[in-house]
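Chain and residue survey
Okay, here's what each chain looks like letter by letter:
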Amino acid sequence: DASFPAGLQEIPAGAFSGVQFEMGEAAVRLPDGLRKIGEEAFQGAEMTQVQLPDSLEEIGACAFEHCTAETVECFETEAPVPQKGKIQEYAFAGCQSLASAQLPAGITEIGADIYLGCTALQNLAWPAGLYSLEPQTFSSEGGLYITLRGEAQAGEKGKLPDEALVCEPGCS
């Protein structure tokens, strides 16, 4: 696995853009307690898997755009899970190999087009507290199976825009 220093709370914009992680089948595991991934931080990076901590509060615009990861997994952290978190627009757009993705537990809002062009995406697990989706959040040429991570909380319900799930011709 790629290692990052303990206590790292933010990965700056563009920090690993275009980097080729040479680890065979190993994962890029981001550290427990990480709070923010900046814009274009891993844009175009070559990796097979990304492991995100549930401590994330923000994933910046285009953070993983065009990366080669096939899966994005999340893991429970010792750090507190945020009450409110957001994934900015185009965060995983153009990741054509991405087949399965989980979103960190504290994410409550998702920006537009975060999975635009992710033509292999079939499984998505989103957090129970998610309440806001922008239009065209998910685009898929095939079937997309969405599950809920954790238990849904009682309270005000968000609104799912009509255009949040876009299905290309030939899918159902």
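Scroll up for the structure.
This report concerns the structure included in the present document. (Residues numbered from 1 in each chain as written. Predicted model: local features only at pLDDT ≥ 70, side-chain atom pairs only at ≥ 80, totals over all residues. Heavy atoms only, no water.)

Quick word on the sheet that holds strand 1 (residues 10-11)
In spatial order, the strands read 1-3-5-7-9-11; together these 6 strands make up an open sheet with parallel pairing. Both outer strands of the open sheet, strand 1 and strand 11 (132-133), are each paired with one neighbouring strand and no more. Bridge analysis of strand 5 (residues 58-59) against strand 7 (residues 86-87) gives 2 bridges, and the strand direction is parallel. Paired with Glu-58 across the strands is Lys-86, a residue of strand 7. (Pairing = 2+ DSSP bridges. Helix = DSSP H or I, 4+ residues; strand = E, 2+ residues; numbered from the N terminus.)

Considering the packing of aromatic side chains
All told, the structure shown has 7 aromatic pairs when counted by the stated rule. Relative to Phe-42, the ring of Phe-16 has its centre 5.2 Å away and its plane inclined at 15°; by these criteria the two rings are stacked. Highlighted residues: Phe-16 in the loop between strand 1 and strand 2 (28-29) and Phe-42 in the loop between strand 3 (36-37) and strand 4 (49-53), separated in sequence by 26 residues. Judged by relative accessible area, which is 0%, Phe-42 ranks as buried. With centroids separated by 5.1 Å and ring planes inclined at 5°, the aromatic side chains of Phe-64 and Phe-92 adopt a geometry described as stacked. Here Phe-64 is found in the loop between strand 5 and strand 6 (71-75), whereas its partner Phe-92 is found in the loop between strand 7 and strand 8 (100-102), with 28 residues between them in sequence. (Phe/Tyr/Trp six-rings, centres within 6.5 Å; stacked < 30°, edge-to-face > 60°. Buried < 20%, exposed > 50% of the residue type's maximum accessible area, 1.4 Å probe, protein only.)

Distances and angles like these do not, on their own, reveal function.
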